[in-house]
Amino acid sequence: MDVNEKIKKIEEQIEASVNDIKSSKTLQEIKMRFLGKTGEISSLMKNMRDVPPDQRPGLGKILNTLRQWTESKFDSLEKDIKAFELKKKYAEEKIDVTIPGQTSPDGAYHPNTLIKNELVSLFAGLGFEIYEGPEIENDYYNFTALNTPADHPARDMQDTFYLTEDLLLRTQTSAGQIRVMENKKPPIKILSPGKVYRSDDDATHSPMFSQMEGLVIDKGITLCDLKGMLDEFARRVFGESVKTRLRPSYFPFTEPSVEVDVSCFECGGKGCKLCKGTGWIEILGAGMVNRRVLEGCGIDPDEYTGFAFGMGIERIAMLKYGINNMKLLFEGDTRFLKQFKD
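Residues numbered from 1 in each chain as written. Predicted model: local features only at pLDDT ≥ 70, side-chain atom pairs only at ≥ 80, totals over all residues. Heavy atoms only, no water.

## Topic: helix H5 (residues 111-125)
Alright, step 1. For H5, spanning 15 residues, the distance from its first C-alpha to its last is 21 Å, which sits close to the expected 21 Å at 1.5 Å a residue.
Alright, step 2. Among all positions in H5, only Pro-111, Asn-112, Leu-114, Ile-115, Leu-119, Leu-122 and Phe-123 are buried. Angular distribution of buried residues about the axis of H5 spans 165 degrees; they occupy a single face of the element. Turned more than 90 degrees away from the buried face of H5 sit Ser-121 and Gly-125, all of them exposed.
Alright, step 3. Buried-residue contacts for H5 involve strand S4 (188-197), strand S5 (208-218), helix H8 (223-238), strand S9 (305-312), helix H10 (313-321) and helix H11 (334-337).
Alright, step 4. In the segment just after H5, Gly-127 is the residue with positive phi, at about 95 degrees. (Helix = DSSP H or I, 4+ residues; strand = E, 2+ residues; numbered from the N terminus. Expected span 1.5 Å × (residues − 1). Buried < 20%, exposed > 50% of the residue type's maximum accessible area, 1.4 Å probe, protein only. Arc of directions from axis to C-beta. Contact = heavy atoms within 4.5 Å.)

## Some remarks on the pairing of strand S6 (residues 244-251)
Alright, step 1. The pairing of S6 with strand S7 (residues 254-263) spans seven bridges and is classified as antiparallel. Directly across from Ser-249, in S7, lies its bridge partner Ser-257. (Pairing = 2+ DSSP bridges.)

## Regarding the side chain of Asn-147
Alright, step 1. Along the chain, Asn-147 falls in the loop between helix H6 (139-142) and strand S3 (167-169).
Alright, step 2. Looking at Asn-147, the relative accessible area reads 17%, which means it is buried.
Alright, step 3. Among residues more than four places away in sequence, those in contact with Asn-147 are Pro-252, Asn-290, Arg-292 and Val-293.

## Remarks on the sheet that holds S7
Alright, step 1. Spatially, the seven strands line up as an open sheet ordered S1-S4-S5-S9-S8-S7-S6, and their pairing is mixed. The open sheet has two edge strands, strand S1 (129-130) and S6, and neither has a second partner.
Alright, step 2. In this sheet, S4 lies alongside S1 in parallel orientation, the contact comprising two bridges. By the bridge assignment for S4, Glu-129 is matched with Ile-190.
Alright, step 3. Its contacts with the sheet put helix H7 (residues 174-183) on S4, S5 and S9, and the angle it makes with S5 is roughly 35 degrees. (Axes fitted to C-alpha atoms, helices over the stretch in contact; angles between N-to-C directions.)

## Description of the environment of Phe-209
Alright, step 1. The topology assignment puts Phe-209 in strand S5.
Alright, step 2. Here Phe-209 falls in the buried class, since its relative accessible area comes to 13%.
Alright, step 3. The spatial distance from the C-alpha of Phe-209 to the C-alpha of Gln-177 is 18 Å, given a sequence separation of 32 residues.
Alright, step 4. When near neighbours in sequence (up to four residues on either side) are disregarded, Phe-209 contacts Gly-194, Lys-195, Val-196, Arg-198, Glu-314, Met-326 and Phe-330.

## Brief notes about the packing of helix H2 (residues 24-35) against helix H4 (residues 56-93)
Alright, step 1. Relative to each other, H2 and H4 sit at 175 degrees, their axes nearing to 10 Å. What the angle tells us is that H2 and H4 run roughly antiparallel. In contact with Ser-24, Leu-27, Ile-30, Lys-31, Phe-34 and Leu-35 of H2, H4 contributes Arg-67, Thr-70, Glu-71, Phe-74, Asp-75, Leu-77, Glu-78, Ile-81, Lys-82 and Glu-85. (Parallel < 35°, antiparallel > 145°, perpendicular 65-115°, else oblique.)

## Examining unusual backbone geometry
Negative phi characterises most residues that are not glycine, and trans characterises most peptide bonds.
Alright, step 1. In the segment running from Pro-186 into Pro-187, the intervening peptide bond is cis, with an omega of 5 degrees.
Alright, step 2. In this structure, Pro-187 sits in the loop between H7 and S4.
Alright, step 3. Here the amide bond leading from Glu-255 into Pro-256 is cis, since omega sits at 0 degrees, within 30 degrees of zero.
Alright, step 4. Phi angles above zero are rare outside glycine, and Asn-147 is one such case at about 65 degrees.
Alright, step 5. With a phi angle near 55 degrees, Lys-276 is a residue other than glycine that sits in the positive phi range.
Alright, step 6. Secondary-structure assignment places Lys-276 in the loop between S7 and strand S8 (280-289).
Alright, step 7. A relative accessible area of 73% means that Lys-276 is categorised as exposed.

Structure, rendered in structure tokens:
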């Protein structure tokens, strides 16, 4: 095939390919097929070195004319395609401002978050600082430093999630209190909220739950100070008419230790299903910090005393909002959560 036949064939191919071009991408591909470095027209121009010298000027003029015609063809087509694609894009992105807008419903705070925020605000107003310790603790901070005996049931595998022989998922936020007392001199007034883990699972217990503990260390702190603070806490959270009472109990890290009850805010202390007919509801544990715990943290128990208290945030939420199954707090059911929307 001579050069003229090749040029004619290229022109026919270009004319035929125009009908196949529907997008800028296809146009670019076909353009490169003819005008690219390895394209058909470029190949013809490279082969001019094989043409006799006296024929090169005439052939060069023909090939340049072909290249200019091809470029003009594709440039014109490119303008039309870009205009078409732009028009199509505008049509697809067109917004009818008369159509009612789509709105997403407002979310609601989780009951745990509501209670946590309320308690943090309450105790911060009483001068407490917030401290959040690590969720992975060692045996010393979680048990030993809190005066927990080596044979205490809480140390058993069936009650505690051990990661190694010494590391575990903390069973109480009290471990953070030890870290604070080791690194800060009295007076100390901290609130320690966070997740804790225990091997327990039923309608009122979960393997993971939220706890909030408080610690006050200073000179002259007594059980009366604890009682007064808990009275204020109960009134703020459960209502102005609520009263508190302390019952003797036992915790390794406090002495004396007490269980704290509030008068039933459902029946006013007369007796109902919520308080099981007693007129009182247990809400937390507390007590005066054990001398051995203070000594272990380098604090002189003859100069300083203090109290500690701890409560389950889920328990407070269940009592305040009338939730009868703890699992509802973990299922993420929006039908349940939307009830707490302000």
